[in-house]
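Listed below, chain by chain, are the residues.
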Amino acid sequence: MKVNITETVLRDAQQSLIATRMPFSDFEGILENLDNSGYYSLECWGGATFDSCLRYLDEDPWERLRKIKEVCKKTPLQMLIRGQNILGYKHYPDDVVRLFCRKAAENGMDIFRIFDALNDFRNIEVCIDEVKKCNKHAQGCICYTTSPVHTIEKYVEMGKQLESMGVDSIAIKDMAGICGPQEAYDLVKALKSEVKVPIQFHTHATTGLGPITLVKAVEAGVDTIDCAISTMGGGTSQPATESMNYALKQLGYETDLDEDRLKKTADFFKPVRQKFLDEGRLNPTVLGVRADILKYQVPGGMLSNMIANLTDMHAMDKFDEALAEIPAVRKDMGYPPLVTPLSQMVGNQAVQNVLLGERYKNISKEIKAFLRGEYGKAPGEVNQELIDRCWKPEELVQGRYADTLEPAFEKTKAELGDKARSDEDVLSYIAFPQVAEKFFEAREEKESNTVNYTIEKKED
Ligand code: CO
């Protein structure tokens, strides 16, 4: 049996280890080798990579995509997209979602992994539809979590629903690395018996379970797994590509990976990793095993976020109390999977509840919007008392929230005028307005300097 492997070094690995700070120049030299290594796909784009390019790296994310595609012509490029949220934290109107998918496809994207934080598939249907219209691969996502309402039956139902929506494959997204080997085995087995499309498993090595979980997922018949090259793998990143490849071959599975090329990639990233270690951007603690996450069942990023918030407020003594508050808030919200943006929202509300000494004395703007139904439908029942406290029944969102949004692309394009040089620029602006505007200004300035420099050179 063959197992496909997706390499995440260009997206999730660097996002999980070094907050997505890797410039194009750090990996340009290895793209040709990556393209010839036998990977199923190269994950290279997503909300954080897009944001980080504009915000910190002074790179046009669209140009980065085109440059990767210029070299990687054989291996499909893959991205992570937050359905109706595209790359951000709020819902966008359908015209923007459609044009974004179309432009991503035109610029070189092949596989779109599409997820909604609540697994409310009304929030990914437009995205799936447009990707299909562009003749690209639409991968529907099941965000994995544990709760009294998340059963195998429920996940299988989701899988069937995704298949009926026309997805080309399904990803199980275990963003916190909390899915254990037996859970993975049972889940994949159950899905494989009910759906026909290929299944891909995504996890993190954070809790130390990652490699074992992937092996069991493979034994249950999963088609593709996500790995990260060893020098950028392990810890909060994905299980190491070479080690998984080695183990799978020993267990009698075939992979298309070329071991010499894997070694070349691993060696290539050694100095890159060292640079980030030296700069302090790569903190060695994220490379270790965090078994405490198994106890709390919350993603590592959410824990770090809470620690940072409590430290800022000189309230780290409340950490245990705040952690204990998370399950209560999560229950009130109907057990959402703890993935962006819900992880931050639930974490912040738990901290507030503890610091103010009273539950929901202050309800954050985001939680209010969630209670109104702006994020979609929660998996379980939401605390009705809280909804009533914030909203009148007639104010609640009925149906799909994006249906209430006015088209935004043409209007924004007109407002931007010459600041935007392409439709891609307009989309960057819609996704991250302030950041994109600064980026456009810096680009303008840089170019005028280059022009002056060239003129001066000519005069020499
Ligand atoms: Co991930």
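Model, not experiment: these values are computed from the prediction.

What counts and how
- Residues numbered from 1 in each chain as written.
- Predicted model: local features only at pLDDT ≥ 70, side-chain atom pairs only at ≥ 80, totals over all residues.
- Heavy atoms only, no water.
- Pairing = 2+ DSSP bridges.
- Helix = DSSP H or I, 4+ residues; strand = E, 2+ residues; numbered from the N terminus.
- Axes fitted to C-alpha atoms, helices over the stretch in contact; angles between N-to-C directions.
- Contact = heavy atoms within 4.5 Å.
- Expected span 1.5 Å × (residues − 1).
- Buried < 20%, exposed > 50% of the residue type's maximum accessible area, 1.4 Å probe, protein only.
- Domains from an automatic or database assignment.
- Buried area = accessible area lost by both parts, 1.4 Å probe.
- Salt bridge = Lys/Arg side-chain N within 4 Å of Asp/Glu carboxyl O.
- Polar contact = N/O pair within 3.5 Å; in protein donor to acceptor, adjacent residues only side chain to side chain.
- Nonpolar A, V, L, I, M, F, W, Y, C, P; charged D, E, K, R; others polar.

Glancing now at the sheet that holds strand 2 (residues 41-45). Spatial ordering of the closed barrel is given by 1-2-3-4-5-6-7-8, a layout of eight strands whose pairing is parallel. Going across the sheet, the axis of each strand differs from the next one's by a mean of 30°, ignoring polarity. Across the sheet, helix 9 (residues 181-194) is in contact with strand 5 (137-143), strand 6 (169-173) and strand 7 (199-202); its angle to strand 7 comes to roughly 160°.

For the rest of this paragraph, the subject is helix 16 (residues 342-355). With 14 residues, helix 16 extends 20 Å from end C-alpha to end C-alpha; this agrees with the ideal 20 Å at 1.5 Å per step. The buried fraction of helix 16 is high, at 10 of 14 residues.

Turning next to unusual backbone geometry. Note that the residue after T340, namely P341, is joined by a cis bond; omega there is 0°. Mapped onto the secondary structure, P341 falls in the loop between helix 15 (319-332) and helix 16. Despite not being glycine, D58 has its phi angle at roughly 55°, a positive value. On the secondary structure map, D58 appears in the loop between helix 4 (47-55) and helix 5 (61-71). Relative accessible area serves as the criterion here: at 38%, D58 is assigned to the partly exposed category. Its identity as a non-glycine residue notwithstanding, Y335 has a phi of 55°, on the positive side. Structurally, Y335 is set in the loop between helix 15 and helix 16. Judged by relative accessible area, which is 18%, Y335 ranks as buried.

Quick look at the domain arrangement of the chain now. For the chain, the assigned domains read domain 1 (4-279), domain 2 (284-403) and domain 3 (409-459). With 17 residues of domain 1 at the interface, the matching set in domain 3 holds 13 residues. Here domain 1 and domain 3 share an interface that buries about 1500 Å² over both sides, 69% of which is from carbon and sulfur atoms. Along the contact surface separating domain 1 from domain 3 lie one salt bridge. In this structure, D58 and K446 form a salt bridge, with 3.1 Å as the shortest nitrogen-oxygen distance. Our count for the domain 1 to domain 3 interface comes out at six residue pairs in polar contact (both at pLDDT 80 or more). When contributions to the side of domain 1 that touches domain 3 are tallied by element, the ones reaching two or more residues are helix 4 and helix 6 (94-106). Its residues assigned to classes, the side of domain 1 that touches domain 3 shows eight nonpolar, two polar and seven charged.

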